[in-house]
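So the chains spell out like this:
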Amino acid sequence: MHQDNISINNRGHLVFAGFDTVELAREYGTPLYVMDERMIRDTIAMYRVSMENYYQGRGLVCYASKAFSCKHIYRVCREEGIGADAVSMGELYTAMEAGFDPALICYHGNNKTPAELEYALDCGVGRIVADSFRELDLLEEIAARKGRKAGILLRLCPGIEAHTHDFIRTGGIDSKFGFAIELGIALEAVEHALSKPHLELRGVHAHIGSQIFQLEPFRREAEVLMGFLAEVRAKTGAVLSDLNLGGGFGIRYTQADDPVPYGQYMEAVTQTLKETCAGLDYPLPFVIMEPGRSIVGAAGITLYEIGNRREIPGVRTYLSVDGGMTDNIRYALYGAEYTFTVANRAGGDKTLTAAIAGRCCESGDLLAKEARVQQCGPGDILAVFSTGAYNYSMASNYNRVPRPPVVMLLDGTAHLAVRRESLADLVRNDL
Ligand code: LLP
């Protein structure tokens, strides 16, 4: 893996963010999530600065905290001067516990409960992203009861769906998310929201996909949403200010992945906005971007200890590790690919092709079917790169496996952001 914070020391050990990963595994145990906090902070700063450079700061970067949520990451975002996207009461609660400014939070979800909406209003969330007529009615009722006004955005389905290597301009209507622009439902939703005295409609939002490597779908999204805002102005007279374009910028999991430098998304989108707004004679909107994966993904690795090595002659070699789908479900769920290295033999050639198996009672519990690694066996430490996003946040206690801790590395110091779950933690809610 070619990344500035990855190297090999003279003991042949993998070094991550200046730390010998074999030592980290020894000190904190395995499985272990390790994150380079300096890299996270630098990426956040890059997004913030590119918003300033390309758009004179008329916007807000909101970290999509579903990618990795714990109190510490909200503190990092707060210190680095960005907002956050939360999608459940749990993420919102965690942000609040970390002292995050609720005015800088976008609160998402396609089926928020009345209790969640009430909690979001009580917290003082700046933008609740409404996703249904029912939600608009519920919000109006709750806000009226509290004598408050709720700042809202509407989630739209812009008819663009992007995947890693292509995007569909007219796809995406068949979705559980958002009011479809094409069917006229989005305009109806705007009119509905504008008619509610306790709702302050600040703008619109869309999210077109994740792990995207192209600029074009984002440009197209900006155009489509601006076209919609102009239509809203023409039909209702309302000039809405906020344009939340969601996240989705891709990262490198394997050498085949070729991410666009993230500043380029901001450059491309803001350039499109300037052109489109000039053409429509519409004031430049306040832009919100919601990167998740690209802020934390490549800044994380996972360390495991290899246990059994099973050779099935002529078939496959299996390396079993002390974690698996409980700490990284992405291979089982999406067939996601990763890059592996044996941390204590990192200098060696990768001459072994092996399946990496987890420890759950489930044959689908794999991290890879054909990983390339150095020759290795029981007691060796296996490192998996780019596990900072959607690994810890999607971890489970299947088979009552405790979740691993998260250790943060910052400028030569290591500190725990999340401690290892104990066996006692596992039965804490059992009666
Ligand atoms: N904003 C909204 C409204 C979203 O739904 C998402 C991701 C993001 C922002 C952040 O997208 P990102 O920059 O992280 O791509 N579990 C999947 C990813 C699901 C993403 C869902 N929404 C995975 O492990 O690949």
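All of the points below concern the structure found in this document. All figures in this text were calculated on a predicted structure; none of them were measured in a lab.

**Overview of the nonpolar core**
Inside soluble globular proteins, nonpolar side chains tend to come together where they are buried.
Thought 1: Ranked by size, the top nonpolar core spans 113 residues in total, and within it Phe68, Ile152, Leu154, Val296 and Phe340 carry the most contacts.
Thought 2: Among the elements that line this core, the one with the most residues is helix α8 (residues 216–236), at nine residues.
Thought 3: In contact with Phe68, other than residues within four places in its own chain, are Met35, Tyr63, Ile73, Val296, Gly388, Tyr392, Ser393, Val406 and Met408.
Thought 4: Core analysis: the second largest hydrophobic core is formed by 20 residues, Phe16, Phe19, Ala346 and Val407 among them.

**What about the pattern of salt bridges?**
A side chain with one charge can pair with a side chain of the opposite charge if their charged atoms come near.
Thought 1: All told, the structure shown has 27 salt bridges when counted by the stated rule.
Thought 2: Residue Arg48 is joined to Glu52 by a salt bridge in which the shortest nitrogen-to-oxygen separation is 3.9 Å. Remark: Glu52 and Arg48 occur in helix α2 (residues 37–55); sequence separation between them is four residues, near one turn of the helix.
Thought 3: Residue Arg48 is classed as partly exposed on the basis of its relative accessible area, which comes to 25%.
Thought 4: On the basis of relative accessible area, Glu52 is assigned to the partly exposed category, the value being 41%.
Thought 5: Taking the shortest distance from any N to any O, the salt bridge between Lys196 and Asp137 comes out at 3.3 Å. Of this pair, Lys196 sits in the loop between α7 (185–194) and β13 (199–205) while Asp137 is found in helix α6 (residues 133–146), placing the two residues 59 residues apart along the sequence.
Thought 6: Lys196 sits in the buried class, given a relative accessible area of 18%.
Thought 7: For Asp137, a relative accessible area of 34% puts it in the partly exposed group.
Thought 8: Sharing partners across several salt bridges, the network here consists of Arg11, Asp20, Glu23 and Arg26.

**Structural notes on the side chain of Asp20**
Thought 1: Mapped onto the elements, Asp20 comes out in strand β3 (residues 19–20).
Thought 2: A polar atom in the side chain of Asp20 sits 3.5 Å from the side chain of Arg11.
Thought 3: Aside from chain neighbours lying at most four places away, what touches Asp20 is Asn9, Arg11, His13 and Leu14.

**Brief notes about the site of the ligand**
Thought 1: Residues in close proximity to the ligand total 19 residues, the closest being Ser210, Glu290, Arg293, Arg330 and Tyr390.
Thought 2: One nitrogen or oxygen atom from the main chain of Gly292 is found 2.9 Å from an oxygen atom belonging to the ligand.
Thought 3: Between an oxygen atom of the ligand and a side-chain N or O atom of Arg330, the distance comes to 2.6 Å.
Thought 4: The protein chains hide 86% of the 580 Å² of surface that the ligand would expose on its own.
Thought 5: Looking at the shell around the ligand residue by residue, the class counts come to six nonpolar, seven polar and six charged.

**Here's the deal with unusual backbone geometry**
Thought 1: The omega angle of the peptide bond from Thr30 to Pro31 is -10 degrees, so this bond is cis rather than trans.
Thought 2: Topologically, Pro31 is positioned in the loop between α1 (21–28) and β4 (32–36).
Thought 3: At Ala17, a position not held by glycine, the phi torsion is positive, near 50 degrees.
Thought 4: As for its placement among the helices and strands, Ala17 is situated in the loop between β2 (14–16) and β3.

Definitions and cut-offs
Each residue is numbered by its place in its chain's sequence as written, counting from 1. Whole-chain, interface and lining totals are the exception, using all residues; otherwise, since this is a predicted model, local features are given only for residues with pLDDT of at least 70 and side-chain atom pairs are given and counted only at 80 or more. Think of the side-chain values as coming from all heavy atoms in the structure, minus any hydrogens and water. Only buried residues count toward a nonpolar core. Its members are Ala, Val, Leu, Ile, Met, Phe, Trp, Tyr and Cys residues joined through side-chain atoms within 4.5 Å. Residue burial is assigned from relative accessible area. The probe radius is 1.4 Å, only protein chains are included, and a residue is buried under 20% of its type maximum, exposed over 50%, and partly exposed in between. The numbering of helices and of strands both runs from the N terminus, where a helix is a DSSP run of H or I of at least 4 residues and a strand a run of E of at least 2. For this analysis, residues touch if any pair of their heavy atoms sits within 4.5 Å. Salt bridges, as used here, are contacts in which a Lys or Arg side-chain nitrogen is within 4 Å of a carboxyl oxygen on Asp or Glu. Polar contact criterion, stated in full: a pair of N or O atoms within 3.5 Å, where within protein one must be able to donate a hydrogen and the other to accept it, and residues adjacent in sequence count only if both atoms are side-chain atoms. One heavy atom suffices: a residue is near a molecule or strand as soon as one of its heavy atoms comes within 4 Å of it. A 1.4 Å probe and the Shrake-Rupley method give the accessible areas. Residues count as covered only by the protein chains that appear here. Each residue gets one label: Ala, Val, Leu, Ile, Met, Phe, Trp, Tyr, Cys and Pro are nonpolar, Asp, Glu, Lys and Arg are charged, and the others, such as Gly, are polar.

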